[in-house]
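Residue-level structure breakdown
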Amino acid sequence: MSKNINIHVHHLTRVEGHGNIVVNVTDGTIEKCEWQVPEAPRFFEAMVRGRRWDDIQTIVSRICGICSITHSLASTKAVEDALDIEVSEQADTLRILMHYSEQLQSHVLHVGYLVAPDLFTAPSVVPLVPKAPDAVKTIIRAHRVANQWSDLLAGRTTHPTTLKPGGLTKIPTEKELRQLQETLKATVNDLVTICEVVLSVADKLPNFTRDTEYISLKQDNPPTYTFYHGDITSTDCNGDGPVHIRDWEKVANEYVSPQSTAKWTRWHRDAYAVGALARFNNNADLLSPLGKKVADMFGLKKGNCNPFMNNIAQLVECAHVVETSIEMIDRLLTNGLKEEKISVTPKAGRGSGCVEAPRGILFHTYEFDKNGDCVAANICIPTNQNHANIQKDFEAFVPQFMDRGQDDLRHGMEMLVRSYDPCISCSTHMLNVEFVK
Amino acid sequence: MSKPRVAIFDFACCEGCQLQIVNLEEEILDLIGVVDVVEWREAMSEQSQEYDIALIEGSITRPEDEERIKEIRKRAKILVALGACATIGGVNKLKNNFDLDEVKTCVYGQDAGMPHLATGMTKAVDEVVPVDFKIHGCPIDRKEFTYVVRCLLMGKTPVIPDYPVCVECKAKENVCRWEYNEVCLGPIIRAGCGARCPSTNFRCFGCRGYVENPNVEAAKEVMDKYGLTIDDLKQKMELFGSKQEPTI
């Protein structure tokens with residue numbers, strides 16, 4: 001057994017944003033074991049003050065390039081809540097369809113490009129191209145489909161241009177929707193292939209379990225595996241009703257840790273987890289048939305507390321969003337698409353919007369004066385909500401895996417952080433680079 | 001001949017421009033075939049120490065940033081600013097409209113004094129080190145990115161439009177956003193995006209920065225015609241162009 005371990009991963013690679021892993025073990029005693037997020041803050045909540053209600057989405061979309069559609073939707077819903085703006089059923093459905101495109105894009109990017117190299121023992125996806133060209137091309141194809149899907153609904157793949165409080169500035173034609181539906185039907189086979197590839201190396205995911213609290217949206221009316229509507233629930237709720245999204249601050253209980261420029265959160269315990277596995281643990285019985293099939297392939301069951309299985313829950317959701325979207329397009333085409341006019345009268349108010357980002361639940365709240373100018377904002381990002389949980393995982397993981405030696409332990413801890421699909425630049429950014437000498 | 005060594009670095013930003021490189025999809029395999037990507041933290045574990053081309057994403061917001069970008073500049077033969085945060089400061093510059101201590105207190109409350117929360121004025125990359133080329137936009141346009149990279153690999157100087165978005169918007173036969181009472185920055189903002197936002201019925205908010213000699217007088221005439229004020233225009237110009245020319 002290794003008596004001394006000294007790990008300092010400065011700027012973990014293959015994650016969105018910057019984080020450090022620091023472990024010191026001397027004579028078998030753990031002296032330090034930290035997940036640090038020293039990323040420099042970007043102060044979005046301060047910057048939106050004084051901006052008009054219809055500029056909020058344009059600004060806060062830039063919190064994150066990978067989940068820009070999610071930030072745009074959360075902020076747009078918050079503005080609509082504050083200004084009492086109604087949204088038609090058609091616009092609502094098209095927005096959910098837009099949101100699903102980002103879930104697929106982000107999940108495929110994460111599992112296919114960022115996690116797969118760990119499972120195939122490669123430093124990046126590049127060396128995998130000659131080794132497994134067909135698998136890589138299948139992943140790229142699924143990623144391209146997701147982006148074309150975003151292009152159609154959101155105006156482009158990153159930073160939507162079609163979202164406006166009250167509805168959408170542009171809607172697709174029925175012909176375009178029909179083509180999208182055909183593409184999605186063809187993508188189902190690619191997703192099954194990707195799942196089979198991952199299944200063939202799934203034994204590389206460490207067998208590590210730590211009981212924790214899982215928080216996500218929950219929608220009862222109608223019961224839905226939700227990313228967009230509903231209230232806040234948790235695996236610790238034990239039958240207590242869900243919390244209304246306007247009261248999200250009571251769930252997140254944000255606090256500042258000296259380890260991190262991103263705020264940390266806690267609810268029933270000292271840490272909680274959000275993301276695909278949290279949604280699965282709260283809502284798995286509402287998955288589409290293909291989503292359930294993928295979960296069965298991997299033996300993933302409700303109540304799973306292995307953080308590495310978040311990667312698998314993301315694959316489950318890829319299948320779910322594609323299958324569900326095929327049905328949603330049927331419904332849209334049956335009803336027929338109508339051009340809708342948006343009309344908004346600014347007023348004073350405070351409102352919240354809450355949606356599920358690919359990496360977990362996201363909260364936005366804004367307050368406006370009578371002219372519709374923003375006077376205050378509060379935003380709580382999924383990765384912030386996972387930081388404390390990653391720290392608690394580290395504290396359990398290191399004693400269990402430290403006898404495997406420093407390199408294996410470091411690799412395991414890097415994989416552990418990656419499995420949360422962190423998006424650290426959401427709200428912050430860090431800069432202390434140590435250059436390769 | 002050895003392949004050009006390319007590195008990608010990110011500073012304060014959303015990393016959406018790097019994502020556009022990933023979003024090249026199948027085309028990225030061609031790119032990997034002709035260049036040697038030696039450092040790209042978001043996608044790879046390898047690191048390097050000298051680069052033929054360094055692509056810089058993000059704004060410079062702290063003294064440590066300035067040191068890091070200066071070090072990268074020393075190691076890079078060609079330095080390219082990638083996207084609005086790097087080329088003009090982007091939305092990050094909204095922060096410069098406020099007192100920095102007040103901004104910190106607004107977000108972190110009583111913990112604002114903690115040393116790791118320090119921040120400075122937001123700067124575009126060329127406010128700190130010389131920049132050889134700029135790829136504009138928020139996010140960058142994928143076609144423009146591959147065009148610029150192709151030019152650099154062939155030793156050519158890329159030609160970036162220096163006419164306003166209105167030119168491309170008119171060519172697409174879009175109805176002017178001003179007709180909908182929206183303050184659109186098309187008349188003064190650099191084209192090259194294919195008027196993507198107005199083409200989806202969304203006003204131009206200026207992510208590609210101003211053209212070299214913006215026709216401010218014409219913009220004023222347009223505002224008079226539609227009964228809007230200088231303040232309306234300034235409000236919109238601040239989104240991506242806080243504390244920048246042209247001043248009106």
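Below or above, wherever it landed, is the structure these notes cover. This one's a predicted model, so the numbers in the text were calculated from it and none came from an experiment.

For the structure on display, the rule yields 47 salt bridges over all chains. A salt bridge links Glu-127 of chain B to Lys-93 of chain B, with the nearest nitrogen and oxygen atoms 2.7 Å apart. On the criterion of sequence distance, the pair formed by Glu-127 of chain B in the loop between helix 5 (100-108) and strand 5 (133-135) and Lys-93 of chain B in the loop between helix 4 (84-87) and helix 5 is long-range, its members being 34 residues apart. The partly exposed category is assigned to Glu-127 of chain B, whose relative accessible area is 41%. Exposure remark for Lys-93 of chain B: the relative accessible area of 6% places this residue in the buried category. A single network of salt bridges, built from pairs that share partners, joins Arg-52, Asp-54 and Asp-55 of chain A together with Arg-203 and Lys-236 of chain B.

Residue and element names in this part refer to chain A. Among the eight residues in strand 7 (residues 213-220), six count as buried, and that is most of the element. Of the pairings in the sheet, the one linking strand 7 to strand 10 (residues 272-273) comprises two bridges and is parallel in character. Along strand 10, the bridge assignment pairs Tyr-214 with Ala-273. Pairing analysis gives four bridges linking strand 7 to strand 9 (residues 231-234), with the strands arranged antiparallel. From the neighbouring strand, Ile-215 faces strand 9, where its bridge partner is Ser-234. One ladder, built from two bridges, connects strand 7 with strand 8 (residues 223-224); its direction is antiparallel. Bridging from a neighbouring strand, Gln-219 pairs with Thr-224 of strand 8. The hairpin formed by strand 7 and strand 8 contains two residues between the paired strands.

This part takes up the layout of surface pockets. Here the largest pocket is characterised by a volume of approximately 1000 Å³. Taken together, 36 residues make up the lining of the largest pocket; nearest its centre are Lys-164 and Ile-342 of chain A together with Arg-177, Tyr-180 and Glu-182 of chain B. Residue assignment for the lining of the largest pocket shows that the elements contributing at least two residues are helix 4 (89-119) and strand 6 (167-168) of chain A together with helix 10 (230-241) of chain B. Sorting elements by how many residues they give to the lining of the largest pocket places helix 10 of chain B first, with three residues. Along the lines of polarity and charge, the residues of the lining of the largest pocket split into eleven nonpolar, eleven polar and 14 charged. In this structure, the second largest pocket occupies an estimated 620 Å³ of space. The wall of the second largest pocket is formed by 35 residues, among which Asp-141, Arg-142, Lys-143, Cys-193 and Arg-196 of chain B lie closest to the centre. Listing elements by their share of the lining of the second largest pocket, those giving two or more residues are helix 6 (133-154) of chain A together with helix 6 (142-153) and helix 8 (196-199) of chain B. When residues of the lining of the second largest pocket are assigned to their parent elements, the largest contribution, four residues, is made by helix 6 of chain B. A class-by-class count of the residues in the lining of the second largest pocket yields 15 nonpolar, eight polar and twelve charged. Taken domain by domain, the lining of the second largest pocket gets at least three of its residues from each of domain 1 (5-153) and domain 2 (165-240) of chain B.

Take the packing of aromatic side chains next. Summed over the entire model, instances satisfying the criterion amount to 14 aromatic pairs over all chains. Here the aromatic rings of Trp-178 of chain B and Tyr-226 of chain B are separated by 5.9 Å at their centres, their planes lie at 40 degrees, and the arrangement is tilted. Taken together, the residues Trp-178 of chain B in the loop between helix 7 (165-171) and helix 8 and Tyr-226 of chain B in the loop between helix 9 (216-225) and helix 10 connect sequence positions 48 residues apart. One exposure class covers both Trp-178 of chain B and Tyr-226 of chain B, and it is buried. Grouped by ring-pair contacts, the aromatic residues Phe-208, Phe-308, Phe-397 and Phe-401 of chain A constitute a single cluster. One Lys or Arg, Arg-266 of chain A, reaches over the ring of Tyr-255 of chain A and ends 3.9 Å from the middle of that ring. The positively charged end of Arg-68 of chain B is found above the aromatic ring belonging to Phe-11 of chain B, 4.4 Å away from the centroid.

Next up on the list: unusual backbone geometry. Pro-222 of chain A follows Asn-221 of chain A through a cis peptide bond whose omega is -5 degrees. Within the secondary structure, Pro-222 of chain A is located in the loop between strand 7 and strand 8. Notably, Asn-201 of chain B is not glycine yet its phi reads approximately 65 degrees, a positive angle. Of the residues examined, Asn-201 of chain B reaches a relative accessible area of 29% and is grouped as partly exposed.

Rules and cut-offs
Residues numbered from 1 in each chain as written. Chains lettered and ligands numbered in written order. Predicted model: local features only at pLDDT ≥ 70, side-chain atom pairs only at ≥ 80, totals over all residues. Heavy atoms only, no water. Salt bridge = Lys/Arg side-chain N within 4 Å of Asp/Glu carboxyl O. Helix = DSSP H or I, 4+ residues; strand = E, 2+ residues; numbered from the N terminus. Buried < 20%, exposed > 50% of the residue type's maximum accessible area, 1.4 Å probe, protein only. Pairing = 2+ DSSP bridges. 1 Å grid on protein atoms, 1.4 Å probe; cavity = no way out; pocket = protein on both sides within 12 Å on 5 of 7 lines; lining within 4 Å. Points joined across faces, edges and corners; volume = space filled by probe spheres on them. Nonpolar A, V, L, I, M, F, W, Y, C, P; charged D, E, K, R; others polar. Domains from an automatic or database assignment. Phe/Tyr/Trp six-rings, centres within 6.5 Å; stacked < 30°, edge-to-face > 60°. Lys NZ or Arg CZ within 6 Å of the ring centre and 35° of its normal.

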